[in-house]
Amino acid sequence: PRPTDQRYGINLHFTDYFPGTDRWTATLKAAVADGLPFGPPHTDRASQKFRAPAYKRVDFGISYYIIKPGSYRRGGIRRKVKDFIIGLDCFNLFGISNVNSYYWVTDITNNQYAVPNYLTGRLINARLTLRL
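Residues numbered from 1 in each chain as written. Predicted model: local features only at pLDDT ≥ 70, side-chain atom pairs only at ≥ 80, totals over all residues. Heavy atoms only, no water.

Considering the pattern of salt bridges
Link 1 in the chain: One pass over the structure, following the stated rule, counts five salt bridges.
Link 2 in the chain: Of the charged contacts in the structure, one is a salt bridge between Asp89 and Arg127, with a shortest N-O distance of 2.7 Å. Taken as a pair, Asp89 in strand S6 (residues 83–91) and Arg127 in strand S9 (residues 123–131) lie far apart in primary sequence, 38 residues in all.
Link 3 in the chain: By relative accessible area, Arg127 is classed as partly exposed at 27%.
Link 4 in the chain: Residues joined in a network through salt bridges with shared partners are Arg7, Asp34 and Arg51. (Salt bridge = Lys/Arg side-chain N within 4 Å of Asp/Glu carboxyl O. Helix = DSSP H or I, 4+ residues; strand = E, 2+ residues; numbered from the N terminus. Buried < 20%, exposed > 50% of the residue type's maximum accessible area, 1.4 Å probe, protein only.)

Some words on the sheet that holds strand S1 (residues 9–17)
Link 1 in the chain: The sheet built from five strands is open, its strands ordered S1-S2-S5-S6-S9 with antiparallel pairing. With partners counted over all chains shown, the strands left at the sheet margins are S1 and S9, one partner each. The mean inter-strand angle of the sheet, taken between neighbouring strand axes irrespective of direction, is 15 degrees.
Link 2 in the chain: The pairing of S1 with strand S2 (residues 24–33) spans nine bridges and is antiparallel. Paired with Ile10 across the two strands is Val32, which belongs to S2. (Pairing = 2+ DSSP bridges. Axes fitted to C-alpha atoms, helices over the stretch in contact; angles between N-to-C directions.)

Focus: the environment of Leu12
Link 1 in the chain: The topology assignment puts Leu12 in strand S1.
Link 2 in the chain: Between the C-alpha atom of Leu12 and that of Leu128, which follows or precedes it by 116 residues, the distance is 25 Å.
Link 3 in the chain: With near-sequence residues (within four places) excluded, Leu12 lies in contact with Leu28, Lys29 and Ala30. (Contact = heavy atoms within 4.5 Å.)

A closer look at the pairing of strand S5 (residues 55–67)
Link 1 in the chain: For S2 and S5, the ladder comprises 10 bridges, and the chain directions are antiparallel. What sits directly across from Ala30, in S5, is Val58.
Link 2 in the chain: Both S5 and S6 contribute to a ladder of seven bridges, which runs antiparallel. Each bridged residue has a counterpart across the sheet, and for Phe60 the counterpart in S6 is Cys90.

Regarding a nonpolar patch on the surface
Link 1 in the chain: A cluster of nonpolar side chains, Leu12, Phe14, Leu28 and Phe60, forms an exposed patch at the surface whose accessible area comes to about 350 Å².
Link 2 in the chain: Position of Phe60 relative to the elements: it lies in strand S5.
Link 3 in the chain: The partly exposed category is assigned to Phe60, whose relative accessible area is 36%. (Patch = residues over 30% accessible without salt bridge, like charges linked within 9 Å, V, L, I, M, F, W, Y side chains within 5 Å. Areas by Shrake-Rupley, 256 points an atom, 1.4 Å probe, with all protein chains shown as cover.)

What to know about the packing of aromatic side chains
Link 1 in the chain: What the rule picks out here adds up to five aromatic pairs.
Link 2 in the chain: Here the aromatic rings of Phe18 and Trp24 are separated by 6.0 Å at their centres, their planes lie at 50 degrees, and the arrangement is tilted.
Link 3 in the chain: Given a relative accessible area of 35%, Trp24 falls into the partly exposed group.
Link 4 in the chain: Relative to Phe50, the ring of Phe38 has its centre 5.7 Å away and its plane inclined at 35 degrees; by these criteria the two rings are tilted. On the criterion of sequence distance, the pair formed by Phe38 in strand S3 (residues 37–38) and Phe50 in strand S4 (residues 50–51) is long-range, its members being 12 residues apart.
Link 5 in the chain: The exposure class assigned to Phe38 is buried, which follows from its relative accessible area of 16%.
Link 6 in the chain: A relative accessible area of 40% places Phe50 in the partly exposed class.
Link 7 in the chain: The structure contains a cluster of three or more aromatic residues connected by ring pairs, namely Phe38, Phe50, Tyr102 and Trp104. (Phe/Tyr/Trp six-rings, centres within 6.5 Å; stacked < 30°, edge-to-face > 60°.)

Without other data, these values stay purely geometric and don't point to any function.
Printed below as a string of structure tokens:
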């Protein structure tokens with residue numbers, strides 16, 4: 001397999017407003033992809049016969065529009081602001097440990113072992129967006 005050869009990749013992005021209001025939005029993102037092939041460093045591509053585990057991730061976020069785009073603006077600061085959004089996101093909602101790469105460790109008998117290097121776990125992010 002080639003170094004960027006994935007057998008499948010499925011992505012979902014869904015955004016919708018909360019019922020009864022157009023100021024609250026919710027966003028759901030999900031990604032599932034097959035692992036990439038890898039092998040020991042400084043070897044030809046034919047010896048790279050291992051495959052990393054599948055990549056899985058789900059993100060969820062909510063946003064509140066304090067000032068919506070195109071809303072009526074009287075004067076003062078509201079006249080200069082196009083939109084003002086506050087949001088909260090949870091990246092990697094389920095805390096799945098995805099493998100990013102491998103450290104290769106060689107012992108004294110010249111055997112090589114792949115030690116996985118993991119991506120970050122769950123992360124909570126607060127956003128404040130102001131467009132002038």
